[in-house]
Amino acid sequence: MIAIIKYNAGNVRSVQNALTKLGYESVITDNRETILSADKVIFPGVGEASSAMNYLKEKGLDKTILDIKKPMLGICLGLQLMCNYSEEGDTDCLGIFKASVKKFPPNDTVPHMGWNNFSSTSGVLCQGITDTQDVYYVHSYYAEVTENTTAICNYIVPFSASMRKNNFYATQFHPEKSAGIGTRILQNFLEL
Amino acid sequence: MLKKRIIPCLDIMNGRTVKGINFVGIKDAGDPIELAKKYVQEGADELVFLDITATIENRTTLLQLVERIASEINIPFTVGGGINTVEDVSNLLNAGADKVSVNSSAVKNPSLITDIATTFGSQCLVVAIDTKFEADEWKVFVHGGRTPTELTTVQWAQQVEALGAGEILLTSMNNDGTKGGFALDITNQVSTAINIPVIASGGAGTKKHFTEVFEQTKATGALAASIFHYGEIPIPELKEYLHTKNVAVRLT
């Protein structure tokens, strides 16, 4: 069973659709026991950082997430909330990744919206994906490149396309919306 | 490098895909789900579904269609037509849409843009602008292009950006359905005046038209309907062509 963390962020449904297509049973939940007993956890997210963090704290989900021992995958805002701090709403986040989340400078179109590639530096999540293949991004804030970065994308600045620390994995792009390449990445995670 | 997006648009009427010329003369163009799946396989970068009837009776049909689309396709898609309230948006996003597109209702009630953006985030909000060149000016039109407004196009685009729109879908009514090429001047004016992504729409007839709009404007996406529906320009062929012309596109 895969637990998809339920909170006030959109697009939880598309993650579940993707898992169903891959033949995995999943449940959208904010229940601590269900989350901690799941084989894998997905922490999706589209939305604004400070209101999302407030919601997580209100529901005690911030503590639950830190207690997860099984592999967890954060997606988009999920990745950003797993960092130390976000400039969006001046928000202290979960502190799993030693990285800050910053707003893109307005040197080019923001949000970074559409298909872009990345160079994989390490990690099992993006195994089998080459730097000529594209995945779908939509975000105005980015996580800086740190020791937890496992893949780098370049848009205005180099930023973390994926990150990992211990059992915590994350992607800035949306694997559930990235056609066949995204399916491959989700599969890599589900087969961990 | 960020790729330029090729976006097929499916106009929906009573659950079928249709296409008109200059907003009139509706023809049946197939089953939306089958078309959507075909486009995903061919390498479309996003899809747009516009409910052109958008009556209250049709809302349930539309939501059911959106649910089916969401379970069948794994690229982002936008749904537009008849969105007047935050609740309309909530229903569509819950059914599985990634983004919604508002048009006339945003002109009538600009605060709707801010309400949607603050509730669901700018990333899910496309503001569609129908524009027409008349008496030396590009003006904004509403109600499927039937009603003129006092708004000039560039100013309205700047205003919707400030109000929280995540993206602009700019359709030139002078060009729509003509297959004579995109409206390069207004697309360039709008895309250089704002910092959010602009999708050019209306007038695509040849592969060269796509190179032009990506080379001569800052549009990051181009939308078309009939040339894709009737197989006049297959998406893989278009992308291969753009690639040889050094336009960055996603090759699958």
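Definitions and limits used
Residues numbered from 1 in each chain as written. Chains lettered and ligands numbered in written order. Predicted model: local features only at pLDDT ≥ 70, side-chain atom pairs only at ≥ 80, totals over all residues. UniProt positions renumbered as here; feature names shortened; annotations may be inferred. Buried ≥ 20, exposed ≤ 12 C-beta atoms within 10 Å, placed from the backbone. Helix = DSSP H or I, 4+ residues; strand = E, 2+ residues; numbered from the N terminus. Arc of directions from axis to C-beta. Contact = placed C-beta atoms within 7 Å. Nonpolar A, V, L, I, M, F, W, Y, C, P; charged D, E, K, R; others polar. Axes fitted to C-alpha atoms, helices over the stretch in contact; angles between N-to-C directions. Parallel < 35°, antiparallel > 145°, perpendicular 65-115°, else oblique. Left-handed = near helix turned anticlockwise from the far one by under 90°.

As recorded by an unreviewed UniProt entry, chain B carries the name Imidazole glycerol phosphate synthase subunit HisF and is attributed to Ulvibacter litoralis. Per UniProt, chain B carries the Sequence similarities (unreviewed entry) text "Belongs to the HisA/HisF family." In the Subunit (unreviewed entry) part of its UniProt record, chain B is described as follows: "Heterodimer of HisH and HisF."

The name recorded for chain A in an unreviewed UniProt entry is Imidazole glycerol phosphate synthase subunit HisH, from Ulvibacter litoralis. Checking UniProt for chain A, the heading Subunit (unreviewed entry) contains the comment "Heterodimer of HisH and HisF."

Caption draft 1: Molecular detail of helix 3 (residues 86-95) of chain B. All names here are of chain B. Those residues of helix 3 that fall on the buried side of the exposure criterion are D88, V89, L92 and L93. For helix 3, the angular spread of the buried residues around the axis is 125°, confining them to a single face. Summarising the contacts, the buried residues of helix 3 are in contact with helix 2 (59-72), strand 5 (77-80), strand 6 (99-102) and helix 5 (111-120).

Caption draft 2: View of the interface of chain B and chain A. Chain B puts 26 residues into the contact, and the matching count from chain A is 27 residues. Contributions of two or more residues to the side of chain B that touches chain A are made by helix 2 and helix 3 of chain B. Split into classes, the residues belonging to the side of chain B that touches chain A amount to 11 nonpolar, nine polar and six charged.

Caption draft 3: Structural detail: the UniProt feature "active site" (unreviewed entry) in chain B. Residue and element names in this part refer to chain B. The feature "active site" (unreviewed entry), as annotated in UniProt, sits at D11 and D130 in this numbering. Residue position: D11 is located in strand 1 (residues 5-13). The residues touching D11, leaving out its near neighbours within four places in the chain, are T17, V18, K19, L50, I52 and A225.

Caption draft 4: Structural detail: the packing of helix 1 (residues 32-42) of chain B against helix 2 of chain B. Residue and element names in this part refer to chain B. Relative orientation of the contacting elements helix 1 and helix 2 amounts to 25°, with a least axis distance of 10 Å. Taken together, the axis directions place helix 1 and helix 2 in an arrangement best described as roughly parallel. Taken as a pair, helix 1 and helix 2 cross one another with a handedness that is right-handed. Between helix 1 and helix 2, the residues in contact are P32, I33, A36 and K37 and L65, R68, I69 and E72, respectively. A class-by-class count of the residues in the contact of helix 1 with helix 2 yields five nonpolar, no polar and three charged.

Caption draft 5: Spotlight on helix 7 (residues 184-193) of chain B. Residue and element names in this part refer to chain B. Those residues of helix 7 that sit buried are I186, T187, V190 and S191. Buried residues in helix 7, looked at end-on, bunch into an arc of 125°, giving them a common side. Its buried side turned inward, helix 7 meets strand 7 (125-134), strand 8 (137-142), helix 6 (153-163), strand 10 (167-172), strand 11 (198-201) and helix 8 (207-216).

Caption draft 6: Molecular detail of the UniProt feature "active site" (unreviewed entry) in chain A. Residues and elements named next belong to chain A. Per the UniProt annotation, the sites labelled "active site" (unreviewed entry) are C76, H174 and E176. A maximum C-alpha distance of 11.0 Å is found for the annotated residues, which run over 101 residues; spatially they form one tight group. On the neighbour-count criterion, H174 (25 C-beta atoms within 10 Å) is buried. Setting aside residues no more than four positions away along its own chain, H174 makes contact with I75, C76, Y136 and G182. For E176, the location among the structural elements is in the loop between strand 14 (168-171) and helix 6 (179-190). Using a count of 29 C-beta atoms within 10 Å as the deciding quantity, one classes E176 as buried.

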